[in-house]
Amino acid sequence: MNNAFLNKLMATDAGWGALALRIPVGIIFVAHGAQKLFAWFGGYGLEGTGQWMDSIGLSPGYLMALLAGGAEFFGGLALIIGLLVRPASAVLAFAMLIAIFSVHIGNGLFMSNNGYEFGLALLAVSVSLVFSGAGRASIDRAIAAR
């Protein structure tokens, strides 16, 4: 792959603010992905999540659960360690758009009604990181500096 492309992908002038976004949101995404993939933290695993996704029209459900869970789990890990943050954030933003418009939009804004406010917050952080990059204390910054 072209070094100029990788440098542009990983370069970041963002300060510590990106780190303050990456770590907690990365933890949230990892936990939600683990629910879907491994049935950890009270989740239903691939089989149960896949059946639910089929029931709401996201078919094939098993594949959709695998894609959503993989994006959240591995994208969250990428945010935590600060590696390939821009592409991971873009994938996570797309996943949040799907979640908002296929599950939550009809319930209004508030979480108390299973609304889209939490998904919207995660979408906002993901989009912010697409533009800012990983910031300080990231593997992306260390690689781009070489």
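Small disclaimer: the values here were computed from a predicted structure and weren't measured.

A. Seen up close, the pattern of salt bridges. Within the structure shown, the criterion is met by one salt bridge. In this structure, the salt-bridge partner of glutamate 72 is lysine 36, at a minimum N-O distance of 2.9 Å. Of the two residues, glutamate 72 is situated in helix 4 (residues 61–81) and lysine 36 in helix 2 (residues 16–38); the sequence distance between them amounts to 36 residues. Both residues of the pair, glutamate 72 and lysine 36, belong to the buried class.

B. Spotlight on the packing of aromatic side chains. Counted by the stated rule, this structure contains four aromatic pairs. A ring pair is formed by phenylalanine 38 and tryptophan 40, whose centres lie 4.8 Å apart and whose planes are at 35°; its orientation type is tilted. Classification of phenylalanine 38 as partly exposed rests on a relative accessible area of 37%. Ring centres of phenylalanine 73 and phenylalanine 74 lie 5.1 Å apart, and the angle between their planes is 90°; this geometry places the pair in the edge-to-face category. We classify phenylalanine 73 as buried; its relative accessible area is 12%. Since its relative accessible area comes to 52%, phenylalanine 74 is described here as exposed. Among the aromatic side chains, those forming a connected cluster through ring pairs are Phe38, Trp40, Phe41, Phe73 and Phe74.

C. Seen up close, unusual backbone geometry. Cis geometry marks the peptide bond from serine 59 to proline 60, where omega comes out at -5°. Position of proline 60 relative to the elements: it lies in the loop between helix 3 (45–55) and helix 4. Phi angles above zero are rare outside glycine, and phenylalanine 41 is one such case at about 55°. Tracing the backbone shows phenylalanine 41 in the loop between helix 2 and helix 3. We classify phenylalanine 41 as exposed; its relative accessible area is 58%. Of note, leucine 84 is a non-glycine position whose phi angle comes to about 55°, a positive value. Take leucine 84: it is sitting in the loop between helix 4 and helix 5 (85–104).

D. Inspection of the packing of helix 5 against helix 6 (residues 117–132) at higher detail. Running from N to C, helix 5 and helix 6 cross one another at 155°; their axes reach a closest spacing of 8 Å. As judged from the angle between their axes, helix 5 and helix 6 are roughly antiparallel. Seen from above, helix 5 lies across helix 6 with left-handed handedness. In contact with Val85, Arg86, Ser89, Ala90, Leu92, Ala93, Met96, Leu97 and Ile100 of helix 5, helix 6 contributes Gly119, Leu120, Leu122, Leu123, Ser126, Val127, Leu129, Val130, Phe131 and Ser132.

E. Summary view of the layout of surface pockets. Reported here for the largest pocket is a volume of approximately 940 Å³. The set of elements that each furnish at least two residues to the lining of the largest pocket consists of helix 2, helix 3, helix 4, helix 5 and helix 6. Residues belonging to the lining of the largest pocket are distributed by class as follows: 19 nonpolar, eleven polar and two charged.

F. Molecular detail of the environment of isoleucine 56. Examined against the element boundaries, isoleucine 56 turns out to sit in the loop between helix 3 and helix 4. With relative accessibility at 33%, the residue isoleucine 56 sits in the partly exposed group. Discounting residues that sit within four places of it in the chain, isoleucine 56 has contacts with Ser102 and Val103.

Calculation rules
Residues numbered from 1 in each chain as written. Predicted model: local features only at pLDDT ≥ 70, side-chain atom pairs only at ≥ 80, totals over all residues. Heavy atoms only, no water. Salt bridge = Lys/Arg side-chain N within 4 Å of Asp/Glu carboxyl O. Helix = DSSP H or I, 4+ residues; strand = E, 2+ residues; numbered from the N terminus. Buried < 20%, exposed > 50% of the residue type's maximum accessible area, 1.4 Å probe, protein only. Phe/Tyr/Trp six-rings, centres within 6.5 Å; stacked < 30°, edge-to-face > 60°. Axes fitted to C-alpha atoms, helices over the stretch in contact; angles between N-to-C directions. Parallel < 35°, antiparallel > 145°, perpendicular 65-115°, else oblique. Left-handed = near helix turned anticlockwise from the far one by under 90°. Contact = heavy atoms within 4.5 Å. 1 Å grid on protein atoms, 1.4 Å probe; cavity = no way out; pocket = protein on both sides within 12 Å on 5 of 7 lines; lining within 4 Å. Points joined across faces, edges and corners; volume = space filled by probe spheres on them. Nonpolar A, V, L, I, M, F, W, Y, C, P; charged D, E, K, R; others polar.

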